[in-house]
Amino acid sequence: MKLGPLQVAAGTVALRPIRLRDAGEWSKARLHDRSHLEKWEPSAPGSWADRNAFLSWPSQWAALRSLARRGQCLPFAITVDGAFAGQITVGNVIRASLRSAWVGYWVSSKIVRGGVATAAVALVADHVFTVGGLHRLEATVRPENTPSLRVLAKAGFREEGLFRRYLDVAGGWRDHLCFAITSEEIGDGLVPRLVASGRAEYA
Ligand code: ACO
């Protein structure tokens, strides 16, 4: 399954399922981007180099795929002009009367500020509200993460409140702002809205 493509300033953005053979590009980007990524990501045991080594991708890929097979997660690679450029993951998919999930993302420092993450969020949101049958999509962001706050504002998410000491990130319990959007707020879709605003074009 492929979502997109959408044309933004940085190039042509598409989403596709993560692959085992993403190991090389994934590891290269993440080892290069430690200072860009580590301060926003959940704390984890082991060094950055070990956790993001080529050989640590197969187990992460397998764990995400296993959750995806059970319908609990949608793990996508973000590609720009066909090349691996980051990840966007819909996680903790709950069905029944909640029908909710969270979304998280990162984009290589080499192509930031070009509209890639906003396009990826719009593509994934439209997918989960249509094919995915969800009612609510949530994103939690550290108040200091200006670029990510901007992504969610551009995509059309609404701020719901502050979660105190919510998540163990970069070695400490960090406050997070909670943003969300529900199916009633989607209208004709976030992608059409992004295109109408001039921030993206259909490729
Ligand atoms: N100060 C102010 N604004 C900034 C700054 C800054 N330092 N850096 C970027 N921006 C703005 C950009 O100008 C742009 O806004 P604009 O279109 O109005 O000019 C916006 O932030 C970024 O929008 P995009 O270009 O769509 O996003 P991008 O592809 O650059 O990716 C992302 C943003 C994903 C946050 C990237 O910077 C990244 O990977 N950061 C590290 C990991 C991370 O923080 N992930 C998000 C965690 S929170 C979550 O997942 C819900």
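Shown above is the structure to which this text applies.
Residues numbered from 1 in each chain as written. Predicted model: local features only at pLDDT ≥ 70, side-chain atom pairs only at ≥ 80, totals over all residues. Heavy atoms only, no water.

**Some thoughts on the packing of helix H5 (residues 116-129) against helix H6 (residues 146-155)**
For the pair H5 and H6, the least separation of the axes is 9 Å and the interaxial angle reads 45 degrees. Of the possible angle classes, the one that applies to H5 and H6 is oblique. H6 is crossed by H5, and the crossing has right-handed handedness. Together, Ala117, Thr118 and Val121 of H5 and Val151, Lys154 and Ala155 of H6 make up the contact between the two elements. Here the residues of the contact of H5 with H6 are counted per class, giving four nonpolar, one polar and one charged. (Axes fitted to C-alpha atoms, helices over the stretch in contact; angles between N-to-C directions. Helix = DSSP H or I, 4+ residues; strand = E, 2+ residues; numbered from the N terminus. Parallel < 35°, antiparallel > 145°, perpendicular 65-115°, else oblique. Left-handed = near helix turned anticlockwise from the far one by under 90°. Contact = heavy atoms within 4.5 Å. Nonpolar A, V, L, I, M, F, W, Y, C, P; charged D, E, K, R; others polar.)

**Description of the nonpolar core**
Core analysis: the largest hydrophobic core is formed by 42 residues, its most contacted members being Leu15, Ile78, Ile88, Val90, Val103, Leu137 and Phe157. The residues contacting Phe157, other than those within four sequence positions of it, are Val103, Val121, Leu137, Ala139, Leu152, Phe179, Ala180, Ile181 and Leu190. The next biggest cluster of nonpolar side chains, apart from the first, holds 13 residues, and it includes Ala29, Trp48, Leu64 and Trp106. (Core = buried A, V, L, I, M, F, W, Y, C linked by side-chain atoms within 4.5 Å. Buried < 20%, exposed > 50% of the residue type's maximum accessible area, 1.4 Å probe, protein only.)

**Here's the deal with the sheet that holds strand S1 (residues 3-8)**
Taken together, nine strands build an open sheet; the order of strands is S7-S8-S6-S5-S4-S3-S2-S1-S9 and the sheet is mixed. The open sheet has two edge strands, strand S7 (158-169) and strand S9 (201-202), and neither has a second partner. Each of S1, strand S2 (11-17), strand S3 (74-80), strand S4 (83-94), strand S5 (100-107), strand S6 (136-141) and strand S8 (172-182) is contacted by H5, which is oriented at about 150 degrees to S1, the strand it contacts most. (Pairing = 2+ DSSP bridges.)

**Topic: the pairing of S7**
Taken together, the eight bridges between S7 and S8 define a ladder with antiparallel strand orientation. Within S8, the residue paired with Gly161 across the bridge is Cys178. In textbook terms, the turn of a hairpin is the stretch between consecutive antiparallel strands, and for S7 and S8 this stretch comprises two residues, one of which, Ala170, has a positive phi near 45 degrees.

**Some points on H6**
Those residues of H6 not exposed but buried are Ser148, Val151, Leu152 and Ala155. The arc enclosing the buried residues of H6, seen along the axis, measures out at 90 degrees, which places them on a common side. Buried residues along H6 sit in contact with S5, H5, S6, S8 and helix H7 (190-196). (Arc of directions from axis to C-beta.)

**Quick look at the packing of aromatic side chains**
Summed over the entire model, instances satisfying the criterion amount to three aromatic pairs. Taking 4.9 Å as the distance between ring centres and 40 degrees as the angle between the ring planes, the aromatic pair formed by Trp26 and Trp57 counts as tilted. Here Trp57 lies in helix H4 (residues 57-69) and Trp26 lies in helix H1 (residues 23-32), a separation of 31 residues in the sequence. Neither residue differs from the other here; Trp26 and Trp57 are each classed as buried. The positively charged end of Arg30 is found above the aromatic ring belonging to Trp106, 5.2 Å away from the centroid. (Phe/Tyr/Trp six-rings, centres within 6.5 Å; stacked < 30°, edge-to-face > 60°. Lys NZ or Arg CZ within 6 Å of the ring centre and 35° of its normal.)

**Here's the deal with the site of the ligand**
Every one of the 26 residues lining the ligand counts as a neighbour, but Arg113, Gly115, Thr118, Arg150 and Lys154 are closest to it. Residue Arg150 places a side-chain N or O atom 2.7 Å away from an oxygen atom belonging to the ligand. For the shell around the ligand, the secondary-structure elements that each account for two or more residues are helix H2 (34-37), S5, H5, S6 and H6. Sorting elements by how many residues they give to the shell around the ligand places H6 first, with six residues. (Near = heavy atom within 4 Å. Polar contact = N/O pair within 3.5 Å; in protein donor to acceptor, adjacent residues only side chain to side chain.)

**Quick notes on the side chain of Ser27**
Checked against the element boundaries, Ser27 lands in helix H1. Contacts of Ser27, omitting those with residues within four sequence positions, involve Asn52, Ala53 and Phe54.

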